[in-house]
Structure formats: C-alpha cells, structure tokens
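Chain residues, written in single-letter form:
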Amino acid sequence: MPVTTIEWKNHKIRMIDQTRLPTEEIYFDIDDIEVLAEAIRSLRVRGAPAIGIAGAFGILITVHGYKGSDPLELLKQIKETGDYLNSTRPTAVNLSWAILKMRKRAETLKTGSLEAMRQGLTEEALAIWQEDRDCCRALGRHGAELLRDGSTVLTHCNTGALATADYGTALGVVFAAHEAGKRIHVYADETRPLLQGARLNTWELLNEGIDVTLICDNTAAFVMQQNKIDCVILGADRIARNGDTANKIGTYNVAVIAEKHNVPFYVAAPYSTIDFNLANGSQIPIEERAASEVTDGFGRKTAAEGTNVYNPAFDITPNKLITAIITEHGVIKPPFEVNLAKNKTDV
Ligand code: MRU
C-alpha cells in the first residue's frame, strides 16, 4: 500500500515528514498556518500536487479556526492565507491552482451561513485531494501502455505517492505497469542537492517490490550510452501551454542526453500542473534555495567557507526535447500547444 502523504483529519492536516525519510517514518499534525508554511518551505511536504493539496488544506485551517461570525470577514482571511501560502514556493503552479479553486468556491459561498461556507470549502478541499488521487491512477494507466515487460526507466526527483495525494505521476506509471504484471527496472538519479531520488524513490520503489538501482546524477549519460535505459519518465512542477516544462534542477540535463542517445523522454503530470496563462517556459518563476543545501548537504561542510553558490531548485526543459506528456486524459504528443489545449478546463 502506498504511503498516505497528506490528509485532512480531525480538523488538522496530517502529513508524513519527508525530510526524515528514509530512516524515520514520522507523521505529524498541523493546525497552524505558520507551521504549514514552514513545512512547505523546508520540504516536509513537497512535490507539485502534494503542495497544492497542502495549500487547499491550509485554507481549511483558517476556515475551521475562524472564531467570528461574519462570512465576509472569513473571506478576507481566506485571501490573506492564500497569498501567504502562495509565497512559500513559487515554481509549482499546483499551489496557486488549488488556492485559487478554494477562493473561487469561497466567493460563491460568501452570502450564505458560516456553517455552509465551512462545509462547502471542506468539500472543495477534499475534492481537490480526491481528484489528484484519480488523476494519478488514470495517468498511471495511460503511461503504463508505453512500457513493456522488462522496461528500464530512468527517473529524476521523487514523483511517487509522496509527491501527490496518492500513487504518484511518473512513479505512478511505473506502479501501474508493475501492477499489470510487467517487470520494470528503475534507474533513480539521486537528485542533488536534496536527494529526493535517493531518499524517497528508493524507499517507495522498494516498498512496492520494484527493482531500483540508484545512480549519481552525473551517471545518467553513461547508463544511456551503455543502452541500459529504455525511456526517461519524470514529473513537472509547471508546464507552459507550449509544453515547456519546469521540473527539478537537472531535468534539462537528462533531456539533453536522452535526445543525444535517442531515448524517449516522457513528462508525467496532471492537468493541474499546466499553466495555460504562460506562453512558454521563460515565464515560469524559478525558486532559488539556500546555499547551505549545496555546501552542507551531507551533515558536513562540502565546500570551502565563503564559496559562492547558485542553487536554483528547478530548470526548464524546452518542449522540443519532450517526446510526450502523460496526463489523466491520455498520452499527449506534439504539437503540445494544440494538443494540450484540447482538454483544458477552467479552474
Ligand atoms: O523541490 P521538490 O522536491 O518539491 O521538487 C519536486 C519535483 O521537482 C517533482 O518532480 C515534481 O513536483 C513532480 S511531483 C509529481
């Protein structure tokens, strides 16, 4: 059974602390927006769909913690919470997508009773959570068709149940193929600097009994040159309407070397990750993170004191390097601008 990454329980957010994996499996409860913001910033909860759900549940903390009696006053507080949570991590569009959904629902409820507002928003947040679970299962099934018995898949960053409400995106494809009886072997990039591949993918895949070989990020070209990789499947934090894709730093490296070695390069993501407001990837904001993630990553100093560091958390892969985008609506091929738009729905 995949892990329950995040849920709404007893008017609190319950989540697994991903910074403690793979050595400790610790769940904790949150009923405070500051604590939630810290959990998102420090990657206790992470992965684009999972932080979107955290944002929606964050609105519920405000809704259920509201002690007044005025729905319009609560609406104002919901907007403030949304703005604050939106500022925690800028790249994954799922966060602002989920918060916008909650705000729009709140707008429709502002003239009713407070109780109706509480109930309506709780339903909306749980629907966002459930929709992500359904999308992951659906895209997993579509993507699994691309894999045969014996396929070898290279992954970058964690895209499993830990990054979503359940099951995962790119790893969801692997899980679905495995459940269909295909033997799949995963080569997992360790994913420096925070090692989501090493810490989280190995943990999830081994829990499901799937073969995984951990490689340093800089081994990816060599394993492709050795013909060990049938395809790359990884996730996305934001996809522009032309298919340009922001994902964990190092994704672009993998795309370039996959093209060089004629290895298909698939992005797996739900439609909530597509930002139709953006024409191309150059408009996607890229989060920069602390230098200490690079210089102090292994519990010791790994660079001389005073070293300059550039630590973007994501990069942009141009659409021309992407073979197809695996979504809940099927496997979308180029031209992405035209084909992604066919399943577009309004928030
Ligand atoms: O910084 P992180 O760990 O939140 O980055 C996550 C990724 O880059 C994932 O690949 C992406 O969110 C897709 S998860 C289904």
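*Asks:* Account for the pairing of strand β2 (residues 12-16), naming residues and giving values.
*Replies:* Bridge analysis of strand β1 (residues 6-9) against β2 gives four bridges, and the strand direction is antiparallel. Looking at β2, one finds that E7 is bridged to R14. Count of turn residues in the β1/β2 antiparallel hairpin: two residues, of which N10 carries a positive phi of about 50°. In this structure, β2 lies alongside strand β3 (residues 27-30), joined through four bridges in antiparallel fashion. Along β3, the bridge assignment pairs I13 with I30.

*Asks:* Lay out the site of the ligand with the relevant residues and their values.
*Replies:* Residues in contact with the ligand amount to 18 residues; listed here are only the nearest, R46, R89, D237, N247 and K248. A distance of 2.7 Å separates an oxygen atom of the ligand from a polar atom in the side chain of K248. Across the complex, the protein chains shield 100% of the 410 Å² of accessible surface that the ligand would expose by itself. Within the residue set of the shell around the ligand, elements represented by two or more residues are α2 (48-65) and β9 (245-248). Counted by class, the shell around the ligand contains seven nonpolar, seven polar and four charged residues.

*Asks:* Break down the environment of G306 for me, citing the residues and quoting the values.
*Replies:* Looking at where G306 falls in the secondary structure, it is placed in the loop between α10 (292-295) and β12 (314-317). Taking the relative accessible area as the measure of exposure, G306 reaches 68% and is therefore exposed. In this structure the C-alpha to C-alpha distance between G306 and T295, which are eleven residues apart in sequence, comes to 9.8 Å.

*Asks:* Would you mind going over the side chain of D275 in detail, with residue names and values included?
*Replies:* Mapped onto the secondary structure, D275 falls in strand β11 (residues 274-275). Reaching out from D275, the side chain makes a polar contact with the side chain of R238 at a distance of 2.7 Å. With residues up to four places along the chain from it excluded, the contact list for D275 reads V93, R238, I239, A240 and R241.

*Asks:* Could you give an account of the pattern of salt bridges, with specific residues and numbers?
*Replies:* Scanning all chains against the criterion turns up 22 salt bridges. R289 is the partner of E287 in a salt bridge, and the nearest nitrogen-oxygen pair spans 2.7 Å. Residues E287 and R289 agree in their burial class; the two are buried. The structure contains a network of salt bridges with shared partners spanning R89, E287, R289 and E293.

Cut-offs used in this document
Residues numbered from 1 in each chain as written. Predicted model: local features only at pLDDT ≥ 70, side-chain atom pairs only at ≥ 80, totals over all residues. Heavy atoms only, no water. Pairing = 2+ DSSP bridges. Helix = DSSP H or I, 4+ residues; strand = E, 2+ residues; numbered from the N terminus. Near = heavy atom within 4 Å. Polar contact = N/O pair within 3.5 Å; in protein donor to acceptor, adjacent residues only side chain to side chain. Areas by Shrake-Rupley, 256 points an atom, 1.4 Å probe, with all protein chains shown as cover. Nonpolar A, V, L, I, M, F, W, Y, C, P; charged D, E, K, R; others polar. Buried < 20%, exposed > 50% of the residue type's maximum accessible area, 1.4 Å probe, protein only. Contact = heavy atoms within 4.5 Å. Salt bridge = Lys/Arg side-chain N within 4 Å of Asp/Glu carboxyl O.

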